[in-house]
Number of protein chains: 2
Amino acid sequence: MWWWNVKLVEVRLGKHVGFCWGVQRVLDIVNGLLDDGEQVHVFGDLVHNTSVIEELKVKGVAFHKEDELWNAEKLEGVVVVRAHGMSPEERHYLEEISDRLVDGTCPIVSRLFKTGEAIEKEGYQICVYGNPRHPEMRAFKGYVKSAVFYPEVGDAKKVAVLAQTTADFSKFKEYAASLINTGRAEVRVINTICAETIMREMEVRKMAQECDLVIVVGGKMSSNTRKLFEIAKDHVRTLWIENEEEIKGETIQGKIGIVSGTSTPIEVVRRIVDYIERGG
Amino acid sequence: MWWWNVKLVEVRLGKHVGFCWGVQRVLDIVNGLLDDGEQVHVFGDLVHNTSVIEELKVKGVAFHKEDELWNAEKLEGVVVVRAHGMSPEERHYLEEISDRLVDGTCPIVSRLFKTGEAIEKEGYQICVYGNPRHPEMRAFKGYVKSAVFYPEVGDAKKVAVLAQTTADFSKFKEYAASLINTGRAEVRVINTICAETIMREMEVRKMAQECDLVIVVGGKMSSNTRKLFEIAKDHVRTLWIENEEEIKGETIQGKIGIVSGTSTPIEVVRRIVDYIERGG
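Here, residues in each chain are numbered from 1, in the same order as that chain's written sequence. Throughout, the order in which chains and ligands are written sets their labels, letters from A for the former and numbers from 1 for the latter. Totals for whole chains, interfaces and linings use every residue, but because this is a predicted model, local features are given only for residues with pLDDT of at least 70 and side-chain atom pairs only at 80 or more, for both listing and counting. As a rule here, side-chain values cover all heavy atoms of the structure and leave hydrogens and water aside.

**Overview of the overall build of chain A**
Counting secondary structure elements, chain A contains 9 helices and 12 strands. Overall, the C-alpha framework of chain A stretches about 75 × 55 × 25 Å when taken along its three principal axes. The buried label goes to any residue with under 20% of its type's maximum accessible area, the exposed label to any with over 50%, and the partly exposed label to all in between, with areas taken from a 1.4 Å probe on protein chains only. By the burial criterion, 53% of the 280 residues in chain A qualify as buried. Here a residue-residue contact requires only that any non-hydrogen atoms of the pair lie within 4.5 Å. Looking at chain A alone, contacts between residues at least 24 apart form 69% of all its contacts between residues at least 6 apart. Carbon and sulfur atoms provide 50% of the accessible area of chain A, an area that totals close to 13,500 Å². His is not counted, nor are the chain ends, whereas Lys and Arg count as positive and Asp and Glu as negative. Taken as the charge location is NZ of Lys, CZ of Arg, CG of Asp or CD of Glu. Separation between the mean location of the 37 positive side-chain charges and that of the 43 negative ones in chain A comes to 5 Å. A run of DSSP states H or I qualifies as a helix once it reaches four residues; a run of E qualifies as a strand once it reaches two. Both are numbered from the N-terminal end. Surface accessibility in these figures is a Shrake-Rupley result with a 1.4 Å probe; residues are shielded only by whichever protein chains are displayed.

**Let's talk about the domain arrangement of chain A**
Residue and element names in this part refer to chain A. Domain annotation for chain A reports domain 1 (9-18 + 196-277), domain 2 (21-106) and domain 3 (108-193). Counting residues at the interface gives 14 residues for domain 2, matched by 12 residues for domain 3. Two parts lose some accessible area (1.4 Å probe) when they are put together, and adding that loss for both gives the buried area. In this assembly, domain 2 packs against domain 3 so that about 940 Å² is buried in total across both faces, 56% of it on carbon and sulfur atoms. It is His84, Pro88 and Cys106 that lose the most area in domain 2 upon contact with domain 3, and together they represent 43% of the buried surface on that side. Counted as salt bridges are all cases of a side-chain nitrogen of Lys or Arg within 4 Å of a carboxyl oxygen of Asp or Glu. At the boundary of domain 2 and domain 3, one finds 2 salt bridges. Here Glu66 makes a salt bridge to Arg138, at a shortest N to O gap of 2.9 Å. In protein, a polar contact means a hydrogen-donor-capable atom and an acceptor-capable atom, both N or O and within 3.5 Å, with residues adjacent in sequence counting only if both atoms are side-chain atoms; elsewhere, any N or O pair within 3.5 Å suffices. The interface formed by domain 2 and domain 3 holds 6 residue pairs in polar contact (both at pLDDT 80 or more) in total. Where each domain starts and ends follows an automatic or database-derived domain assignment.

**Notes on the packing of aromatic side chains**
To pair, rings of Phe, Tyr and Trp, with the six-membered ring standing in for Trp, must have centres within 6.5 Å; the planes then decide the type, stacked if under 30 degrees apart, edge-to-face if over 60, and tilted in the middle. Following the criterion strictly, the structure yields 14 aromatic pairs over all chains and no others. To sit over a ring, a charge needs its Lys NZ or Arg CZ within 6 Å of the ring centre and within 35 degrees of the ring normal. When the ring centre of A:Tyr124 is taken as reference, the NZ or CZ atom of A:Lys158 above it lies at 4.5 Å.

**Focus on helix α3 (residues 88-97) of chain B**
All names here are of chain B. Along α3, the residues classified as buried are Arg91, Leu94 and Ile97. Projected down its long axis, α3 shows its buried positions confined to an angular sector of 140°, all on one face. The inward-facing, buried residues of α3 abut β2 (40-43), β4 (78-81), β5 (100-103) and α5 (135-143). In this context, the arc is that of the directions from the helix axis out to the C-beta atoms.

**Remarks on the packing of helix α4 (residues 107-121) of chain A against helix α5 (residues 135-143) of chain A**
Residue and element names in this part refer to chain A. Between α4 and α5, the shortest axis-to-axis distance is 9 Å and the interhelical angle comes to 35°. The hand of the α4/α5 crossing is right-handed. Residue-level inspection shows Val109, Leu112, Phe113, Gly116, Glu117 and Glu120 of α4 in contact with α5, the latter providing Glu136, Met137, Ala139, Phe140 and Tyr143. All axes here are fitted lines through C-alpha atoms, helices being fitted over the stretch that makes contact, and every angle between N-to-C directions spans 0 to 180 degrees. Take the far helix as your reference; a near helix turned counterclockwise from it by less than a right angle gives a left-handed crossing, and one turned clockwise gives a right-handed crossing.

**As for the pattern of salt bridges**
All names here are of chain A. What the rule picks out here adds up to 40 salt bridges over all chains. Between Glu38 and Arg100 there is a salt bridge, and its shortest N-O distance comes to 3.1 Å. With a gap of 62 residues between them, Glu38 in the loop between α1 (21-35) and β2 (40-43) and Arg100 in strand β5 (residues 100-103) connect regions that are remote in the sequence. A salt bridge links Glu66 to Arg82; its shortest N-O distance comes to 2.9 Å. Taken as a pair, Glu66 in the loop between β3 (62-64) and β4 (78-81) and Arg82 in the loop between β4 and α3 (88-97) lie far apart in primary sequence, 16 residues in all. The partly exposed category is assigned to Glu66, whose relative accessible area is 32%.

**Some points on the sheet that holds strand β8 (residues 158-163) of chain A**
Within the open sheet, the 8 strands sit side by side as β7(A)-β6(A)-β8(A)-β9(A)-β9(B)-β8(B)-β6(B)-β7(B). Their pairing is mixed. In this open sheet, the two edge strands, each paired with only one partner strand, are β7 (148-149) of chain A together with β7 (148-149) of chain B. Only when DSSP finds a minimum of two bridges between them are two strands counted as paired. Bridge analysis of strand β6 (residues 125-129) of chain A against β8(A) gives 5 bridges, and the strand direction is parallel. Along β8(A), the bridge assignment pairs A:Val128 with A:Leu162. Contacting β6 (125-129), β7 and β8 (158-163) of chain B, α5(B) crosses the sheet at an angle of about 175° to β6(B).

**A short note on the packing of helix α6 (residues 169-180) of chain A against helix α6 (residues 169-180) of chain B**
Between α6(A) and α6(B), whose axes approach to 10 Å, the crossing angle comes to 155°. Classified by the angle their axes make, α6(A) and α6(B) are roughly antiparallel. The two elements α6(A) and α6(B) cross, and the hand of that crossing is right-handed. When α6(A) is examined against α6(B), the residues A:Lys173, A:Ala176, A:Ala177 and A:Ile180 are found in contact with a partner set consisting of B:Lys173, B:Ala176, B:Ala177 and B:Ile180. For the contact of α6(A) with α6(B), a count of residues per class yields 6 nonpolar, no polar and 2 charged. Angle categories are assigned with fixed cut-offs, so that under 35 degrees is roughly parallel, over 145 is roughly antiparallel, 65 to 115 is roughly perpendicular, and the rest are oblique. Under the grouping applied here, Gly and all other residues not named as nonpolar or charged are polar, the nonpolar ones being Ala, Val, Leu, Ile, Met, Phe, Trp, Tyr, Cys and Pro and the charged ones Asp, Glu, Lys and Arg.

Written out as structure tokens, the structure reads:
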């Protein structure tokens, strides 16, 4: 009797993979400065992706740890503010000690900061659905010092609900609805979640219901990647990997959905698709 | 063998019964004008309570039908705007044809109109949880012409959710939450429901769970009274009456909760309590 070792594989790649617009933008800024021969400094991960950062280190970008920011002295060259933004105090300090500061904050993140500032001035308690330890949220706190974070709500009569740009849209809505339920005078719900991350969220939710395995590609510190993983894993077997090396040894068969975080280069995703299609 | 016809009755009177502040206010205005010897005109029910209106008719108040407003010609005397308010066009017309117009609009209703106007100017689609045929809501439409009513929502990116001042708070919150769920850019939920009616709502909900019978006292056209009736009747046997005459013949026993609409005089409620305590 003959046994055939047949492994059926069908790969389905998400439509929204690779860098989002905001990540592409900050990388273009940094690369442009490098092309101009500038010495570029960055505090913290420019974006949450190891391979992207390693590549920039090779090109000469000086990466400093976030917690070294306030100890930094005179810096020769340009400081680029990363996609997650930076508090006004940090910006000001870096402007003082460097030749120049170039803003790489994702415009969608900047809009969140501006919205928070403006609404706070209108007399609202700002309640944010986000992770207060995430760099974007730490920067936000620099703009809106009185902001409170989920699940905190406070007892203000007028509250405005905002979200980290990469937050889970469904959970944000639940939080907002729970605030309405407290019966205060006004609850102003402003959806500050990036539409790109919402589309990726919808896509992975659909894949998780239709596939046998979902592969989420992206950095382990990436908030939007974590969200994709969390959504998928409740429905189906899900792997969270940064590159194709990490799937070696895993059983890869059936319908496979592949999505990526917004700071993952499309080339990394393509290498994973190739690896699977070649038979793993 | 003896049979005792024992009817155990325990009456529990709501804390928030009788006229609310807004109703008391408009009645004080009308009575003050009558004391000054003025001829008082009112268009539509001053408040939704037959006995109150009959009493004022006896004192000489001229009640005109709402749909006669635009046909009215020169009026000798003062027109009092009722608690539900009136559209700016109606006010203006009545000012023109009468000696004077005195505003009896409940201040909580006025605040709703002003809030609607201001928020519309800020560029929001106004969505109202209310009955578009109710006088308060018809007046509101005079101030905010583009307002839409539940369950309508429209597809505007920025919506503000307001409520008729006598709306059911729980249902308002459900409607507001459903709007958040549509994922638009901003949902501004402003609780314009009168706190007095919310307290009566909470009180009747508790009574409905603890009593054998709930008696709701108030006019059949009264929106806040209807709300109390609707809440109670889903849990327990509930009677909606305007005066003690209407409970004759009804079985009244066990724990009885009594609440009233905001346009019901406390004397009417007292007569009902007396009637029951005397043994019906």
